[in-house]
Amino acid sequence: MMKVKQLSNYINGEWIKYNGELANVINPATGEVITEVPLSTSDTVSEAVNAAKEAQKSWAQVPAPVRGELLYKVGQIMAERKEHLSELLTLENGKVLEEARGEVQEGIDMAFYMAGEGRRLFGQTTPAELQNKFAMSVRSPIGVVGLITPWNFPIAIASWKSFPAIISGNAVVWKPATETPIMAYELARIFEEAGLPKGVLNVVFGRGSDVGSAMVEHPDIKVISFTGSTETGRHIATECGRNLKKVSLEMGGKNAVIVMDDADIELAVEGILWSAFGTSGQRCTACSRVIVHEDVKEKLEKRLIEEMATLTIGNGLKSGIKVGPIINQAAMNKIANYIEIGKEEGAKLAVGGKVLTGENYQAGFYFEPTLFTNARIDMRIAQEEIFGPVVSLIPVKSFEEAITTNNQVMYGLSSAIFTKDVNKVFAAQRDLDTGIVYVNAGTTGAEIHLPFGGTKGTGNGHRDSGVQALDVFTEWKAIYVDYSSKLQRAQIDID
Ligand code: NAP
């Protein structure tokens, strides 16, 4: 399926064969090598930045509606190739094909949405405080922006970032995750085919510690937009702070579904299964805690255990599979370690907890969907991001305790509540301290025209997607036009 033996960096509109060190890209479903990716160095980053810097000058002069037409073409090509892209996405990332299609669709939606922004990019006009004076604010591009993206949504997150950056008149240097470079290769090819001027998008493959660090340190990259772990984000933010560089961070989560005593339990079970075990729990918004009212705890537990037994695990390209593989061995080790931690902490391992091996699983990385019951909020399994198919059930006595328990973690990405009580719905959406709140649905399912991101340890106040993404990639410029033909001093010469 993958026809390219070795991926190349994309710099200044050219595919540049890399002659240095390469890394294997592994299909996590089978353990097979599917391609090789360059492990570039800081020199390659400099070449990409130089190309981007040059290209950005003329790209910023292209009228935004014309930039929008190009993004529209990108969306059209993505739509034509949806099935092909989805299969490649499953191949490199492992998520089941149905979910891969959803992710590619998210990219298509974002392309069309941001194409429309080419005719908006709204600023404000506002009265000036003096006579014969006009005041307005406009968005300006920032210059060269650096995108650093993770492996778990290799095309959706790239779309959330690159499309708003490009519609705003910036040029991009993008470092995709080393595990999932194929989506980056495909997206860059689509931009090329759509006619993006050379140098406006550059892709540099390589490790975060080399290519990523070089981007963060490069003086001509004016913004870093990062999605990944809180640990890496904290490091990047520190470096950006030192260099007074704007930085947008979307990081980890420890998302909870609250199930109240009046909830539709069957609906809650469906919502929990989908948000906890979809993408094998490797979504930043994955449900990893279920906070359940004690009056419905037994019922919910029983139904969850029954339904978990029906989850089919395997290669996501095969039909009927509900849960695909884990991304790599390091992630498997981390998940297995948390199973031991949970047991030692005294939570009850009700379902799963084991690595899956055998003929069905080839040399892929598979972990059983796992449920801990009788967990407490002070346990590490209820506090730390495991990033796998592991859920901890935490019983509570009241609505108030449910909200407090949800908020008692360092992260603030997504939360959900199942209840039929309208008063609780409105109190919950006010009091849950996450950037995303769902009512009567699981913790996943964001739509691209709303802001995506989180509070506390999940983010630093910026948002991906939605019109809010434009704030990351533009500077506000305030413009005053005085047509009084005399010097008018603000705050002083007021009639
Ligand atoms: P990660 O290890 O932090 O890596 C993310 C990206 O940063 C990769 O491209 C990585 O490169 C790069 N990187 C690593 N070290 C770096 C450094 N010192 N300087 C610059 N770049 C560096 O995270 P991950 O394991 O790929 O992704 C999973 C995490 O992402 C989870 O915590 C998840 O919650 C989070 N996530 C958050 C959101 C959100 O919107 N909040 C969405 C999706 C995922 P290499 O891996 O190629 O070396």
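Residues numbered from 1 in each chain as written. Predicted model: local features only at pLDDT ≥ 70, side-chain atom pairs only at ≥ 80, totals over all residues. Heavy atoms only, no water.

## Focus: the pairing of strand 7 (residues 144-148)
On a regular strand, each side chain points to the face opposite its neighbour's, so the side chains alternate between the two faces of the sheet. A large share of strand 7 lies buried, amounting to five of its five residues. Every second residue of strand 7 is oriented toward a common face, with Val144, Gly146 and Ile148 on one face and Val145 and Leu147 on the other, all of them buried. With five bridges joining them, strand 7 and strand 8 (residues 171-175) adopt parallel strand pairing. Each residue of the ladder has a partner; that of Leu147, found in strand 8, is Trp174. Assessed by its sense of winding, the connection that carries the chain from strand 7 through helix 5 (residues 156-167) to strand 8 is right-handed. (Buried < 20%, exposed > 50% of the residue type's maximum accessible area, 1.4 Å probe, protein only. Helix = DSSP H or I, 4+ residues; strand = E, 2+ residues; numbered from the N terminus. Pairing = 2+ DSSP bridges. Right-handed = clockwise from strand over helix to strand, strands pointing away.)

## Focus: helix 6 (residues 182-194)
With 13 residues, helix 6 should cover 18 Å at 1.5 Å per step; its first-to-last C-alpha distance of 18 Å lies within 8% of that length. Taking burial as the measure, the 13 residues of helix 6 include 10 buried ones, the bulk of the element. When helix 6 is considered as a whole, its buried residues turn out to be Ile182, Met183, Ala184, Tyr185, Glu186, Leu187, Ala188, Ile190, Phe191 and Ala194. Gly195 occupies a position one or two residues after helix 6 and carries a positive phi of about 100°. (Expected span 1.5 Å × (residues − 1).)

## Topic: the site of the ligand
Neighbouring the ligand are 29 residues; Thr149, Thr178, Ser229, Met251 and Glu385 lie closest to it. Contact between the ligand and Thr149: an oxygen atom at 2.8 Å from a main-chain N or O atom of the residue. Across the complex, the protein chains shield 87% of the 900 Å² of accessible surface that the ligand would expose by itself. Counting only elements with at least two residues in the shell around the ligand, the list comes to helix 7 (208-217), strand 10 (221-227) and helix 8 (230-242). Of the residues assigned to the shell around the ligand, the class counts are 12 nonpolar, 13 polar and four charged. Counting only domains with at least three residues in the shell around the ligand, you end up with domain 1 (9-251 + 459-478) and domain 2 (255-439). (Near = heavy atom within 4 Å. Polar contact = N/O pair within 3.5 Å; in protein donor to acceptor, adjacent residues only side chain to side chain. Areas by Shrake-Rupley, 256 points an atom, 1.4 Å probe, with all protein chains shown as cover. Nonpolar A, V, L, I, M, F, W, Y, C, P; charged D, E, K, R; others polar. Domains from an automatic or database assignment.)

## Quick word on the packing of aromatic side chains
Applying the stated criterion to the full structure yields seven aromatic pairs. Residues Trp160 and Phe452 carry aromatic rings whose centres are separated by 4.5 Å and whose planes lie at 40° to one another, so their mutual orientation is tilted. Of the two residues, Trp160 sits in helix 5 while Phe452 sits in the loop between strand 21 (436-439) and strand 22 (455-456), which places them 292 residues apart along the sequence. Owing to a relative accessible area of 6%, Phe452 belongs among the buried residues under this scheme. Each member of the aromatic cluster is reached from another via a ring pair, and the members are Tyr10, Trp15 and Tyr185. Above the face of the Phe153 ring, Lys95 is positioned so that its terminal group lies 3.5 Å from the ring centre. When the ring centre of Trp274 is taken as origin, the NZ or CZ atom of Arg283, which lies over that ring, is 4.8 Å away. (Phe/Tyr/Trp six-rings, centres within 6.5 Å; stacked < 30°, edge-to-face > 60°. Lys NZ or Arg CZ within 6 Å of the ring centre and 35° of its normal.)

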